[in-house]
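Close look at the chain arrangement
This is what each chain is made of:
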Amino acid sequence: MARKEFKVAVVGATGAVGNMMVRVLEERAFPVGELTLLASARSVGKKMSFKGSEIPVQELTENSFAGIQVALFSAGGTISKKFAPIAARAGVVVIDNSSAFRMDPTVPLVVPEVNPEAALSHSGIIANPNCSTIQMVVALKPIQDAVGIRRIVVTTFQAVSGTGMKAIEELKVQVADIAAGREPKRQIYPHQIAFNCFPHIGAFLDNGFSEEEMKMDNETRKIFEDPEIKVCATTVRIPVFYGHSESLNIETRKPISASEARKLLGSAPGVKVIDEPASGGYPIPIQAAGTDDTYVGRIRRDPSVENGLAMWVVADNIRKGAASNAVQIAEMLVARGRL
Ligand code: A2P
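Let me begin by describing the structure that accompanies this report. Computed from a predicted structure; not experimentally measured.

Okay, the overall build of the protein next. Along its length, the protein carries eight helices and 13 strands. On C-alpha atoms alone, the protein measures out to a radius of gyration of 20 Å, which is about the 20 Å that the 2.2 N^0.38 rule sets for 339 residues. Expressed along its principal axes, the backbone C-alpha trace of the protein runs to roughly 55 × 55 × 40 Å. For the protein, with 339 residues in total, the buried portion stands at 53%. A sequence separation of at least 24 residues applies to 66% of the contacts in the protein between residues at least 6 apart. Counting only carbon and sulfur atoms, one obtains 52% of the accessible surface of the protein, whose full area is about 15000 Å². Each charge sign in the protein was given a centre, from 38 positive and 36 negative side chains, and these centres are 2 Å apart.

What follows is the structure, given as structure tokens:
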């Protein structure tokens with residue numbers, strides 16, 4: 001019997017994440033019958049390749065969704081707020097990479113390795129979590145299940161691709177300008193990003209945290225369905241193109257040794273442990289880039305609290321942190337006959 005195929009749309013197809021969504025749909029052999037690529041009017045006339053054919057990009061309008069079964073959105077929160085409900089009303093299952101609906105109690109916030117069941121209760125829209133949250137909860141899920149987590153202190157080292165195509169370009173141009181002895185120009189970021197870093201991702205809020213930091217805080221509790229977990233995040237932009245890194249210190253409810261944690265993580269879905277630090281065996285972004293796994297290393301006891309663990313977590317922010325997680329949600333719905 002022929003395999004069922006689906007009419008799929010990618011909204012924001014020309015962007016850093018949208019581009020990757022198209023590639024990941026092809027690489028992971030998602031059963032696409034027909035692919036519709038949507039972006040702004042500026043992109044009409046562009047073509048993108050998918051499975052050997054060139055597909056024209058169309059302008060996103062209210063009428064773009066007739067006949068579509070699943071739409072992957074990554075064109076920013078404003079576009080999602082307007083068009084995701086329109087698509088959902090047209091019967092499309094929307095998997096939305098923006099932050100527009102993540103904390104909406106009626107919208108599931110899903111990482112397939114962590115809370116796949118949550119997706120099944122959707123009413124048209126499923127939210128893809130923030131990139132930094134995704135890799136953190138994939139790494140912490142086996143520990144949360146085994147011993148419970150009371151508190152997480154996390155510092156991130158985030159790649160510029162998370163800001164989009166223009167930020168990738170800004171880092172490239174600044175590096176070239178500085179190497180050539182020219183004054184670097186700044187457009188996207190509040191400071192020069194080449195050869196620099198800054199603890200500023202999203203706007204700052206009244207409580208002193210940035211929006212990105214509060215996303216990690218709020219989304220973690222929602223995904224784990226555990227209102228008790230406390231999170232203190234510091235999110236930092238660094239001059240790396242692809243791959244976010246995170247330093248985690250966690251306090252668990254029951255004790256767990258570093259070797260027990262290493263063993264649990266070693267068999268956790270979507271996780272690869274690289275933990276031979278003396279010989280340079282720890283996760284690094286240039287190795288994580290281009291893959292869908294979450295890499296964990298430097299697993300050790302944190303002696304500053306009673307039940308403490310420290311670790312280092314790296315993943316490709318555009319793939320596992322965005323595009324691949326969205327495609328995996330769609331795959332899971334197909335596997336369960338829900339698409
Ligand atoms: P476009 O390339 O036509 O501007 P990134 O985050 O990498 O900057 O990508 C943003 C994505 O969102 C792009 O695909 C961009 O399309 C899309 N986008 C931005 N504004 C709109 C809009 N008004 N309507 C549809 N797509 C949009």
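Let us now look at the environment of Pro-283. With respect to the helices and strands, Pro-283 occurs in the loop between β11 (271-273) and α7 (285-288). Each C-alpha atom of the pair Pro-283 and Arg-298 lies 8.6 Å from the other, and the pair is 15 residues apart in sequence.

Our focus in this paragraph is the pattern of salt bridges. Pairing between side chains of opposite charge can happen when the charged atoms of each approach one another. If you walk through the whole model with that rule in mind, you get 15 salt bridges. Two residues, Glu-113 and Lys-320, come together in a salt bridge whose shortest N-O distance is 2.8 Å. Of this pair, Glu-113 sits in the loop between β6 (93-96) and β7 (125-127) while Lys-320 is found in helix α8 (residues 319-335), placing the two residues 207 residues apart along the sequence. Here the salt bridges do not stand alone but share partners, grouping Glu-27, Arg-28, Asp-292, Arg-319 and Glu-331 into one network.

Counting 51 residues, the largest nonpolar core has Phe-65, Phe-73, Leu-140, Ile-143, Ile-152 and Met-311 as the members making the most contacts within it. Ranked by the residues each element gives to this core, the list is headed by helix α3 (residues 131-147), at eight residues. Of all hydrophobic cores here, the second largest spans 47 residues; its members include Val-10, Met-20, Ile-55 and Leu-171.

Any two packed helices are characterised by how steeply their axes cross, that is the angle between the axes, and by the distance between the axes. Their axes nearest at 9 Å, the elements helix α1 (residues 16-27) and α8 cross at an angle of 50 degrees. Taken together, the axes of α1 and α8 are oblique relative to one another. The two elements α1 and α8 meet at a crossing, and its hand is right-handed. Here Val-17, Met-20, Met-21, Arg-23, Val-24, Leu-25 and Glu-27 of α1 lie close against α8, whose contacting residues are Arg-319, Ala-322, Ala-323, Ser-324, Ala-326 and Val-327. Residues of the contact of α1 with α8, tallied by class, amount to nine nonpolar, one polar and three charged.

Cut-off values and rules
Residues numbered from 1 in each chain as written. Predicted model: local features only at pLDDT ≥ 70, side-chain atom pairs only at ≥ 80, totals over all residues. Heavy atoms only, no water. Helix = DSSP H or I, 4+ residues; strand = E, 2+ residues; numbered from the N terminus. Rg over C-alpha atoms; globule rule 2.2 N^0.38 Å. Buried < 20%, exposed > 50% of the residue type's maximum accessible area, 1.4 Å probe, protein only. Contact = heavy atoms within 4.5 Å. Areas by Shrake-Rupley, 256 points an atom, 1.4 Å probe, with all protein chains shown as cover. Lys, Arg positive; Asp, Glu negative; His and termini not counted. Charge placed at Lys NZ, Arg CZ, Asp CG, Glu CD. Salt bridge = Lys/Arg side-chain N within 4 Å of Asp/Glu carboxyl O. Core = buried A, V, L, I, M, F, W, Y, C linked by side-chain atoms within 4.5 Å. Axes fitted to C-alpha atoms, helices over the stretch in contact; angles between N-to-C directions. Parallel < 35°, antiparallel > 145°, perpendicular 65-115°, else oblique. Left-handed = near helix turned anticlockwise from the far one by under 90°. Nonpolar A, V, L, I, M, F, W, Y, C, P; charged D, E, K, R; others polar.

None of the figures reported here should be taken as evidence of function without further support.
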